[in-house]
Amino acid sequence: MLKRIMILWMAIFMAAFLIVACGPKKKKAADESDKTEETKKPAYKSNGDEGTVTGKIMLTGAAPAPKRIDMGQDAKCGEANSNPQTETYMVSDGKVQNVFVYLKGGPADKYEYPVPSESAELDQRGCRYNPHVLGVQAKQDIKITNSDATTHNIHPTPTKNQEWNESQAPGSGAKDKSFSRPETLIKVKCNVHPWMTAYIGVLGHSFYAVSGKDGSFTIKNVPPGDYTLVTWHEDLGEQTQKIKVTAKGSVTQDVTYNAKTAYLPTSMNMATVVLP
Amino acid sequence: MTAARVNKGLHRAAAALACATVVLLVAGALVTSNEAGDSVPDWPLSFGRWLIGSDQFKANVRFEFSHRVIAGAVGFLTAGFTAAVWLSKSASKRLRMLSSIALCGVILQAMIGGLRVLFPAHKAEIAVPHALIAQSFFVLVVAIAIVTSRSWNTAAQSRTDAEGIGLAKLSATTVGAVLVQLVLGAGFRHGAFGITPHVAGAVVVTILIAVTTARTLRDHGDYAYLRKPALLAFGLLIAQIMLGISAYVARVRSTAEAQPLEPMVSLTVAHVVVGALTLAAVLTLAMRSNQILASRSEQFELRSRALAE
């Protein structure tokens, strides 16, 4: 009898492991990873005729009110923030901050671009990630610092790059990290303080920007060619526009999101809710 | 086993271990519901130490570190219990085997918990088996508490089960279905898949527990030894359905929040724990019905053997 129970239990255990390990979510991630297999590209040679892409990100309709964050679990966080609120919608006069804007297609995907020697910076200050949205080139160093008087952990959750999770005590040295493959966008979490999130856009080039407080963005040194301008917001989602950059030209492309037709995250779908 | 072999001390220790395991299940559910599983990135040490200071015991670290401490305590209790069983002269071979399996289970569970921390990229693949072993360990400890109890050791095989799928087989099937359902719930909580498999499992388990309870009341309603666990399982099922719906609604409503908040956390934790208690109740019914119920042909065989002797 006991032997039969043990065999049955082992069968359930193996079935559970296999279903989870080979489930649809994993397969999807693997498929996406295959599509971005790097191929050898020629190095880009500048002709000195690069242009500029500028624009503004705007929102029509009322942005959802920010939610209050309960930082009472960690006194150090509470002290640093008198009225902590979510950063999902940073909207002022209809101008949207923290939208990741980048180019794809055309010369952006055709050439290999040198990796910037300067590091991108991600700081933990006031129990928040600063900046909230960050762009880097693949293999570019990211200097991660902790300016708080409390321990954080940094936990990026990519699907195409290596996932890692490390803690960073107050006063400890900076961590130098990088992502080897392009991926838009990687969510970064602090599992000690669950409200702390950041997003890192990793590209094969440096034709990206993050919209500022006035919603504006500027992408410089863009080789002439036809591109798709992609804008990404953590809740409003993604929009694409076709643009043409001429030699030494300047393109202005504003992008407008509609708050009323903002997409609902898949977690709102009753049939497909998946927990983070 | 006879009444002479009942060891009150072992039974009480097994019951205490089962209670400690419930506390551990609560601690584990709090870790998952608060998304605290990765808050301490090293293992078996925590931030490089066995015991962390009060400066680090805050926010989500409280849940993860408490889970580790309680798990360690349950591990030591299990080791102590197993040693006591092996040293006890009245312990049966079966009890020794069950306690040894429990000890192996708790060690395996600790290792899998460590892998879950060290390999965050494989969260669901490791966390779901971790949840399955947690529930299985709990029912194993409950089974040990049952077989060391006075009621188990004084009950005789005295009742007739229905031919075909009798209560013994039906209740054993229900135990398996509830265990699978708990795995589906863990898969949903850990993001391996959506809610649909868990809801489908809930329908199956509801039907099975309802039929098992009805069969118990119809055929053995006069016998408290079977009636009590059946009614307990049914009561827990009702509570579990209510908790499941409430927890899901609270979770959907809180998707826009920056962090896990009440009442979602408490409802989810209660849902996990009541699920484990439901499993324990149907296990009790299954063990007892398999112990005392015999089909007509089995009874005929027993009587023939008795007459021949």
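Residues numbered from 1 in each chain as written. Chains lettered and ligands numbered in written order. Predicted model: local features only at pLDDT ≥ 70, side-chain atom pairs only at ≥ 80, totals over all residues.

Caption draft 1: Molecular detail of the interface of chain B and chain A. Every contact between the two is made by 42 residues of chain B and, on the other side, 38 residues of chain A. Broken down by secondary-structure element, the contributors of at least two residues to the side of chain B that touches chain A are α4 (123-147) and α6 (167-189) of chain B. When residues of the side of chain B that touches chain A are assigned to their parent elements, the largest contribution, 7 residues, is made by α6(B). A per-class count over the side of chain B that touches chain A returns 23 nonpolar, 13 polar and 6 charged. (Contact = placed C-beta atoms within 7 Å. Helix = DSSP H or I, 4+ residues; strand = E, 2+ residues; numbered from the N terminus. Nonpolar A, V, L, I, M, F, W, Y, C, P; charged D, E, K, R; others polar.)

Caption draft 2: Broad picture of the sheet that holds strand β4 (residues 100-104) of chain A. Residue and element names in this part refer to chain A. Pairing in this open sheet of 4 strands is antiparallel, and the strands run β14-β4-β16-β17 from one edge to the other. A single partner strand is all that each edge strand has here, and the edge strands are β14 (208-210) and β17 (237-245). Averaged over all pairs of adjacent strands, the angle between their axes in this sheet comes to 20°, without regard to strand direction. Pairing between strand β16 (residues 225-233) and β17: 9 bridges, direction antiparallel. Paired with T228 across the bridge in β17 is K242. (Pairing = 2+ DSSP bridges. Axes fitted to C-alpha atoms, helices over the stretch in contact; angles between N-to-C directions.)

Caption draft 3: Inspection of the domain arrangement of chain B at higher detail. Residue and element names in this part refer to chain B. When cut into domains, chain B gives domain 1 (1-154) and domain 2 (157-309). Across the contact, 22 residues belong to domain 1 and 22 residues belong to domain 2. Taken together, the elements giving at least two residues each to the side of domain 1 that touches domain 2 come down to α1 (8-33) and α4. With 12 residues, α4 is the largest single contributor of residues to the side of domain 1 that touches domain 2. (Domains from an automatic or database assignment.)

Caption draft 4: Structural view of the sheet that holds strand β8 (residues 142-146) of chain A. Residues and elements named next belong to chain A. Read from one edge to the other, the open sheet built from 4 strands follows the order β6-β5-β8-β11, with strand pairing classed as mixed. In this open sheet, the two edge strands, each paired with only one partner strand, are β6 (129-130) and β11 (175-177). In this sheet, β11 lies alongside β8 in antiparallel orientation, the contact comprising 3 bridges. Across the sheet, I142 pairs through a bridge with K177, a residue of β11.

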